[in-house]
Amino acid sequence: GEDMLSVSLPGDGLYTVTAYAVDARTGLASEPQQYTWSVDSTLPETYVISHPANPAATAEAAFFATSTKARSRFDHCTNSRRRGRPSAECFAEGVAKSATDGSTDSEEGDGGE
């Protein structure tokens, strides 16, 4: 047979579920099987560690970023001339690109922030 277990976990941490089957007729149990996983909902801190001069002398720009979490993915967008965070339109239009392997990536930019 099959069964599904759904749980609400109290927060970040290491969790283990142990499952075993019990024979309805004999009451004997199978060898238990375990699965352990971690929940980590803390967002990574991101730091730009290298960038072009401002103002830049060229439209070519390379940015290098690092994160406080080793397996972070970096999303970036370069079509916004607004200061601060990139505009929602930039991401909605599919301009954002990702470096899913955690390495740095370079992107042509407008020289602005």
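Residues numbered from 1 in each chain as written. Predicted model: local features only at pLDDT ≥ 70, side-chain atom pairs only at ≥ 80, totals over all residues. Heavy atoms only, no water.

## Overview of the overall build of the protein
Counting its regular elements, the protein contains one helix and six strands. The order of α-helices and β-strands along the protein, N terminus first, is β-β-β-β-β-α-β. Of all 113 residues assigned to the protein, the portion counted as buried reaches 12%. Summarising the internal contacts of the protein: among those between residues at least 6 apart in sequence, 40% fall at separations of at least 24. Surface summary for the protein: the accessible area is close to 9,400 Å², and the carbon and sulfur share equals 50%. (Helix = DSSP H or I, 4+ residues; strand = E, 2+ residues; numbered from the N terminus. Buried < 20%, exposed > 50% of the residue type's maximum accessible area, 1.4 Å probe, protein only. Contact = heavy atoms within 4.5 Å. Areas by Shrake-Rupley, 256 points an atom, 1.4 Å probe, with all protein chains shown as cover.)

## Topic: the pattern of salt bridges
Under the counting rule described, the total for this entry stands at one salt bridge. Two residues, Asp40 and Lys69, come together in a salt bridge whose shortest N-O distance is 2.9 Å. Of this pair, Asp40 sits in the loop between β2 (33-39) and β3 (46-50) while Lys69 sits in the loop between β4 (64-67) and β5 (74-76), placing them 29 residues apart in sequence. For Lys69, a relative accessible area of 23% translates into the label partly exposed. (Salt bridge = Lys/Arg side-chain N within 4 Å of Asp/Glu carboxyl O.)

## Notes on the pairing of β2
Counting buried residues in β2 gives zero out of seven residues, a small share hidden from the surface. As paired strands, strand β1 (residues 13-19) and β2 are joined by seven bridges and run antiparallel to one another. Residue pairing for β2: Thr16 is matched across the bridge by Thr36. (Pairing = 2+ DSSP bridges.)

## Quick look at the confidence of the model for the protein
Considering every residue of the protein, the mean pLDDT works out to 75; 66% of them sit at 70 or more. Below a pLDDT of 50 lies the segment residues 91-113, which in the model reaches 50 contacts outside its immediate sequence neighbourhood of four places, other chains included. (pLDDT = per-residue confidence, 0-100.)

## Details of a nonpolar patch on the surface
Taken together, the side chains of Leu5, Val7 and Leu9 define a hydrophobic patch exposed on the protein surface, amounting to about 270 Å² of accessible area. Within the fold, Val7 resides in the segment before β1. (Patch = residues over 30% accessible without salt bridge, like charges linked within 9 Å, V, L, I, M, F, W, Y side chains within 5 Å.)

## Quick look at the packing of aromatic side chains
Applying the stated criterion across every chain, the model contains two aromatic pairs. Summarising the aromatic geometry, the rings of Tyr35 and Trp37 are spaced 5.8 Å apart at their centres and angled 20 degrees between planes, so their arrangement reads as stacked. The partly exposed category is assigned to Trp37, whose relative accessible area is 25%. Ring-pair connections join several aromatic residues into one group, and the members of that group are Tyr15, Tyr35 and Trp37. (Phe/Tyr/Trp six-rings, centres within 6.5 Å; stacked < 30°, edge-to-face > 60°.)

## A short note on unusual backbone geometry
Of note, the bond from Asn54 into Pro55 is cis; its omega dihedral lies within 30 degrees of zero at 5 degrees. Examined against the element boundaries, Pro55 turns out to sit in the loop between β3 and β4.

## Quick notes on the side chain of Ser72
Along the chain, the position of Ser72 falls in the loop between β4 and β5. At a separation of 2.9 Å, a polar atom in the side chain of Ser72 contacts the main-chain carbonyl oxygen of Lys69. (Polar contact = N/O pair within 3.5 Å; in protein donor to acceptor, adjacent residues only side chain to side chain.)

## Thoughts on the environment of Ser50
Looking at the element boundaries, Ser50 is found in strand β3. Spatially, the C-alpha atoms of Ser50 and Thr66 are 9.7 Å apart, while their sequence positions differ by 16 residues. Among all residues touching Ser50, those that are not within four sequence positions of it are Ala62, Phe63 and Phe64.

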